[in-house]
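Summary of the model geometry
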Amino acid sequence: RLVGRSRPSHAVIRRLVPGAVAAAARSVAMTAVQTFDLKQLPNLPGFQFAQHKEKHPKVQHFATVNGVRMEVAEGLSHDKPKFVKTAKPPDQWRTGSLPDATTRAVFKQADLQHCQLPAWDALDRHVLRFQGYFKEAVVESNLENYRVRHVTIFYYLEDDTCHIIEPREDNSGIPQGQLIRRHRFPAPGGGYLKPGDLQVGTEMQIYGRNIFITDCDPFTRSYYEQAGIPQGPPEVPETDAFHLTRDATKEVSAKAPRSYEKMYREVMLGGGHINADMQQFLECDRKVLRFFCVMDDLQTPQFERRPFVILYFLADDQLEIREMYPLNCGRDNFPIFFRKGKMPAGNYRVDGPQAQPRKKHEFVDAREWNVGMEVTLLSNYRFFIYDADEFTRQYFKEELGCELSERVDVALPERTVPRAPTPPYTGYGSWDDSMSSVTHLIPKPPQKDFKKLFRHEGKVLRFKARFHDPKPEDADRVFVIAYYMQDDCLSIFEPPQRNLGIVTGRFLEKGVHMNQITGQLFKLEDLRPGMIVKVYNHEFEILDQDDYTTKLMEDPDKQCKAFDHESVVQKLRESLRQQYPLVRDVFRRFDGNHDGVLTISEFRAALEKFGFSNLPDDFVTTLLRHFDTRQDGQVSYNEFCDTLLDEDFPVGMLKTKPPVQPHHDPDYADRANYKVVERDETAAVRKAVRAFGEILSKRGSMMTRLIKEFGHITHEGTASVLQIHHVLKQCGQSMEPEDIQRAVLHLMPEVDLERIPYVEFLKAVHTGFHDVYGSR
């Protein structure tokens, strides 16, 4: 019946669904209850609603404050963590070889900033030290009523803890050492002891004892002065009967010192004689006179001068002789020449059992010797004393009142080892080949001086000469002597003359010849106008020399050739293209240190590689300036390619290369030489930093060892270059102070070399170790 109706009436709905209205009412009521906020209702006595949290964070007891992990929750360590206001360190920008960006200048502030750090980090190893004493009653002794016990108080600023120690004293009968262990001392008024509670001249009450503070160290005084609480002047500590007795035993002697007058009075009064030997032993124990002497040994087939040391013991007048064996002397290693004992003076004899004991003056006494004296010992051994040690000289001067003479030089001249005479030159082969068979058992090919070949290639000196004391038919003959500077060869040529009647031409073939007058090979000094030379029994008198020879005589390294800059560049370009297909390979070949640029020394090596070995310095500098378009004193890879290669994709006609400017620029030469020095110093700095990094990286514990060694030599956090060198030496590592200075200035440019923070320096070396391995 409902079909066709759009909206049924309420009566029909109640009649069809009897429980629908009740269910709808309950749903509306529940919706109203769920949306009501129970937090707004007041709590009934003894009843409250559960608290619903909107967030559920995890409780954190630790946090990071200024890069330091620390405990921040209260109650775990019974106190709130202590913070200290300190100066904020400047930001360390690690930019390497690149310059700082200009945008960072906005964040750099000139004024000093402060930050808060935990006390255990900022005040680590900062300790205040005070000296004091307290009195302890002594009830079971009739010699003293109280004992003064001196103590040292240590206050640690990092955690406000203290501990007290008592210095140990000999024979005190008291267990000394640590008196109170380290912990936070309770204050008399409640709470804990603070630095302001410790003042010089006041008493500190701790666990029933009153400790009077008498003084403090300089660091403690400076700390209180900076805090505005200066300490008072030091107090004089109180003494007791025990310390007075001990000091009296140390200062007051038991009896007056013994003198000859006292000994005489004792003998006159009938007193006993003293033990003279015991008195001498007590006064001269461990005092030894040492004389250096030599003995000329004539019993050996070859004369020998043997060195000795004579030791005279003043405690018992005994003597010992030791032989100082030189290196590779061939003798057995038995240095004791005379065993320690009393040596009889004069002729040596063997006494029997019934012989009378010898008097004291019958033994050798070294107090009678002097430097430069010859003494005879053991009947026939003569020793010449040439020196004495410093103690012996001081003993003779102060005790005996006489000074020893100066040292005498007894060194023998070095022996000249006989050498077989050099056999005469046979004429077969060269001079060097013949001498190689003389100086070596197995002949070796002679080595050539390539530097001399490159430097003096093509330099020939020519001299005009004639026969000395010639025959009548040889009086008109003229010769030309040619001397080759590159290999010291000599040749003689006779120019043709008309109607001479003698066949002219080559008189002596080029080779290394000997000057029979000097007995040595020909040198440049043997060839001067007016001098006479003799070769193969022919004597020649030098008459004159040409202009080229005159110029080279003034400066042997002078270049008299005229080089064309453009021709050299074109020849160099063609040679490089023929030998290497890629310009990259050419540049890598001549870039010896692989730094990406060619300096003037590397550029000269490239020219020598292609036959230009005798170029002047000005000429090489001019060619380098032609390659260097930026005019900075060195040639980069792009500049090298632009000078040698043509354009890859020309738009129009090929552009010709700019010509070489032939004039010399002194300023550019200075820049080029400065770049060489700069590159060498850069390589030295890189090598020094790499060497220091290898020391730290070879062993994992090396940094810990170095820091521990620094703590042994200094209590501060800084060290000098010499101290770093000493620490490395103590750890078994060697490094020159100059290299250490280079590494320090590279990693920390603004640091003072006398106050280097060694911990930060070691961290910087370890961090930047791999940055210096690649070539830049």
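Since the structure is predicted, the reported quantities are computational estimates derived from the model, not experimental observations.

1. Remarks on the nonpolar core
By size, the foremost hydrophobic cluster in this structure holds 29 residues, and its most contacted members are Leu-576, Leu-607 and Phe-640. Broken down by secondary-structure element, the contributors of at least two residues to this core are helix H12 (565–579), helix H13 (583–590), helix H14 (600–609), helix H15 (617–627), helix H16 (637–644) and helix H17 (666–698). With 5 residues, H15 is the single largest residue contributor to this core. Setting aside residues no more than four positions away along its own chain, Leu-576 makes contact with Val-586, Phe-590, Phe-610, Phe-640 and Leu-644.

2. What about the pairing of strand S24 (residues 538–545)?
Bridge count between strand S17 (residues 460–467) and S24: 5 bridges; the pairing is antiparallel. Across the sheet, the residue bridging to Arg-466 is Glu-541, located in S24. Pairing between strand S23 (residues 532–535) and S24: 4 bridges, direction antiparallel. Its bridge partner being in S24, Ile-532 is matched across the sheet by Glu-541. Between S23 and S24, which pair antiparallel and follow one another directly, the connecting turn spans 2 residues, one of which, Tyr-536, has a positive phi of 55°.

3. A look at the packing of aromatic side chains
In this description, an aromatic ring pair is defined by two values, namely the gap between the centres and the angle between the planes. Summed over all chains, the structure comprises 20 aromatic pairs. With 4.8 Å between their ring centres and 70° between their planes, Phe-467 and Phe-479 make a pair best called edge-to-face. Here the residue Phe-467 occupies a position in strand S17, and Phe-479 occupies one in strand S18 (residues 479–484), the gap between them amounting to 12 residues. On the accessibility criterion, Phe-479 (0% relative accessible area) is buried. A ring pair is formed by Phe-507 and Phe-540, whose centres lie 5.8 Å apart and whose planes are at 85°; its orientation type is edge-to-face. With Phe-507 in strand S20 (residues 505–511) and Phe-540 in strand S24, the pair connects residues that are 33 residues apart, well separated along the chain.

4. Looking at the packing of H17 against helix H20 (residues 737–747)
At their nearest, the axes of H17 and H20 sit 8 Å apart, and the two run at 90° to each other. Judged by the angle between their axes, H17 and H20 are roughly perpendicular. Where H17 abuts H20, its residues Glu-681, Ala-684, Val-685, Ala-688 and Val-689 lie against Asp-739, Arg-742, Ala-743 and His-746. Classifying every residue of the contact of H17 with H20 by side-chain character gives 5 nonpolar, 1 polar and 3 charged.

5. Thoughts on the environment of Ile-229
Relative to the helices and strands, Ile-229 is located in the loop between helix H4 (218–227) and helix H5 (241–251). Taking the C-alpha atoms as reference points, Ile-229 and Gln-199, 30 residues apart in sequence, are found 9.1 Å from one another. In this structure, Ile-229 is in contact with Gln-199 and Tyr-224, ignoring residues within four places of it in sequence.

6. So, the pattern of salt bridges
Opposite charge on two side chains allows them to pair when their charged atoms are near. For the structure on display, the rule yields 34 salt bridges. The closest approach of N and O atoms between Asp-351 and Arg-349, which form a salt bridge, is 3.2 Å. Among the residues examined, Arg-349 registers a relative accessible area of 48% and is labelled partly exposed. Of the charged contacts in the structure, one is a salt bridge between Asp-387 and Arg-407, with a shortest N-O distance of 3.0 Å. Of this pair, Asp-387 sits in strand S16 (residues 381–388) while Arg-407 sits in the loop between helix H8 (390–398) and helix H9 (431–439), and the two are 20 residues apart along the sequence. Judged by relative accessible area, Asp-387 falls into the buried class, the value being 11%. Look at Arg-407 and you get exposed, because its relative accessible area is 54%. One connected set of salt bridges, linked through shared partners, spans Asp-297, Glu-304, Arg-306, Glu-323 and Arg-331.

Scoring rules and cut-offs
- Residues numbered from 1 in each chain as written.
- Predicted model: local features only at pLDDT ≥ 70, side-chain atom pairs only at ≥ 80, totals over all residues.
- Heavy atoms only, no water.
- Core = buried A, V, L, I, M, F, W, Y, C linked by side-chain atoms within 4.5 Å.
- Buried < 20%, exposed > 50% of the residue type's maximum accessible area, 1.4 Å probe, protein only.
- Helix = DSSP H or I, 4+ residues; strand = E, 2+ residues; numbered from the N terminus.
- Contact = heavy atoms within 4.5 Å.
- Pairing = 2+ DSSP bridges.
- Phe/Tyr/Trp six-rings, centres within 6.5 Å; stacked < 30°, edge-to-face > 60°.
- Axes fitted to C-alpha atoms, helices over the stretch in contact; angles between N-to-C directions.
- Parallel < 35°, antiparallel > 145°, perpendicular 65-115°, else oblique.
- Nonpolar A, V, L, I, M, F, W, Y, C, P; charged D, E, K, R; others polar.
- Salt bridge = Lys/Arg side-chain N within 4 Å of Asp/Glu carboxyl O.

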